[in-house]
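Structure assessment
Each chain, written out:
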Amino acid sequence: NQIAWTAFVTDCKLADKDSPYCKMQDLDKVFILQNVEEQDAEAKQQNEINPNRALLRFEFFQILVRVAIEKFLRPGLMADVSEATEKLILDCIVPNIPPGAQCDTDVFRNSWVYTKPCDDTLRRYLKSLKAMYAFFSAAKDEVGKRNEVLSADEWIKLCNAAKLIDETFTKREAHLCFAWSQMFVTDEIRRREKMLHARFPDFLEALCRVTLFKRMPTDNEIEDYGCQTAAEFFDRLVKEGQLKTWNQSNKVDWQEEQEEGREIEDVLDKLLGVMVHRLDLDKSGVVDKRDWHIMQGHN
């Protein structure tokens, strides 16, 4: 949307108050112009999906070209559109965007998710994970159609239900885990549902990525606290009113976690154990339909 666009322009220092064509108000006009929809019959499907005051991915690419023209071509600083666009990206955008916007999602995926230890860990909780996915992806969409795939909002609801969202793992980090876990979709119009939702393998990957952001207690910490599991450890912290303090003292940096190349299966095992413990309302040892009936009764 336009607020996000303004933040992007500011962070990347695209606006130039001394430029005759590239002041902030000029780039606001470019955003408005980019959102003008074509009215021919061929564009009807695209217009129905395309939000009026926000950019789809292809529109974002287009607006970068427009900005390059305003910033470099119209003042006569450059003559070639492609070279101006490349300069805009390499000189203005890449040095200024945050690390999360430059994340190569395949690095984590290939190095840590697609491994036997990680697969073995996920399989130990597979029944509960399938139940979680099935329940939270069962909501009806905006036209009343029941989906069997997980949306970003449904993912956040799951994270809230499992009490994962806190001062160190906010909705922003949760959304990053979701977005980084989705496979690339080439056509964001015709394959809109796939672009906006996570399939079950994507869901599993998103859980793995949570381990980059959330600290789990070590075995020694659990033992020293007189507990048997990470779930019991956190329950004790909650009871003693120490959870927030522990979280703030044990923040992790996702870049450092990924660059250090540590194995994730121990943290993943503890994370999934905590989630099952919190969502297993009938204390049967697994998450299943009976827990959802209890949860819906509570709501």
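Residues numbered from 1 in each chain as written. Predicted model: local features only at pLDDT ≥ 70, side-chain atom pairs only at ≥ 80, totals over all residues. Heavy atoms only, no water.

**Side note on the environment of Val287**
- Here Val287 lies in the loop between helix H17 (265-279) and helix H18 (289-298).
- What makes Val287 buried here is its relative accessible area of 0%.
- Along the sequence, Val287 and Tyr125 sit 162 residues apart, while their C-alpha atoms lie 9.3 Å from each other.
- The residues contacting Val287, other than those within four sequence positions of it, are Lys127, Ser128, Ala131, Met132, Val276, Leu279, Asp280 and Trp292. (Helix = DSSP H or I, 4+ residues; strand = E, 2+ residues; numbered from the N terminus. Buried < 20%, exposed > 50% of the residue type's maximum accessible area, 1.4 Å probe, protein only. Contact = heavy atoms within 4.5 Å.)

**Things to note about the packing of aromatic side chains**
- Tallying each qualifying case throughout the model produces 20 aromatic pairs.
- Arranged with centres 4.9 Å apart and planes meeting at 55 degrees, the rings of Trp180 and Trp254 form a pair that is tilted. A residue pair is termed long-range when its members are at least 10 positions apart, and Trp180 in helix H10 (residues 171-181) and Trp254 in helix H16 (residues 254-260) qualify at 74 residues. As far as the burial class goes, Trp180 and Trp254 line up, both buried. (Phe/Tyr/Trp six-rings, centres within 6.5 Å; stacked < 30°, edge-to-face > 60°.)

**A look at the environment of Leu164**
- Within the secondary structure, Leu164 sits in the loop between helix H9 (152-161) and H10.
- Its relative accessible area of 2% is what places Leu164 among the buried residues.
- When the C-alpha atoms of Leu164 and Met275 are compared, they prove to be 8.2 Å apart, with 111 residues separating the residues in sequence.
- Not counting residues within four places of it along the chain, the set of residues in contact with Leu164 comprises Cys159, Phe169, Lys214, Leu271, Met275 and Arg278.

**Quick look at unusual backbone geometry**
- In this structure, Lys13 is a non-glycine residue whose phi angle is positive, near 55 degrees.
- Along the polypeptide, Lys13 turns up in the loop between helix H1 (2-11) and helix H2 (24-34).
- For Lys13, a relative accessible area of 56% translates into the label exposed.
- In the Ramachandran plot, Lys163 falls in the positive-phi region, its phi being about 60 degrees despite a non-glycine side chain.
- Here Lys163 is to be found in the loop between H9 and H10.
- The class for Lys163 is exposed, based on a relative accessible area of 60%.

**Things to note about the pattern of salt bridges**
- All chains considered together, the criterion is met by 15 salt bridges.
- Between Asp166 and Lys214 there is a salt bridge whose closest N-O contact spans 2.7 Å. Of the two residues, Asp166 sits in the loop between H9 and H10 while Lys214 sits in the loop between helix H12 (200-210) and helix H13 (219-224), which places them 48 residues apart along the sequence.
- Glu221 is the salt-bridge partner of Arg215, the closest N and O atoms lying 3.2 Å from each other.
- A relative accessible area of 24% places Arg215 in the partly exposed class.
- Classification of Glu221 as partly exposed rests on a relative accessible area of 24%. (Salt bridge = Lys/Arg side-chain N within 4 Å of Asp/Glu carboxyl O.)

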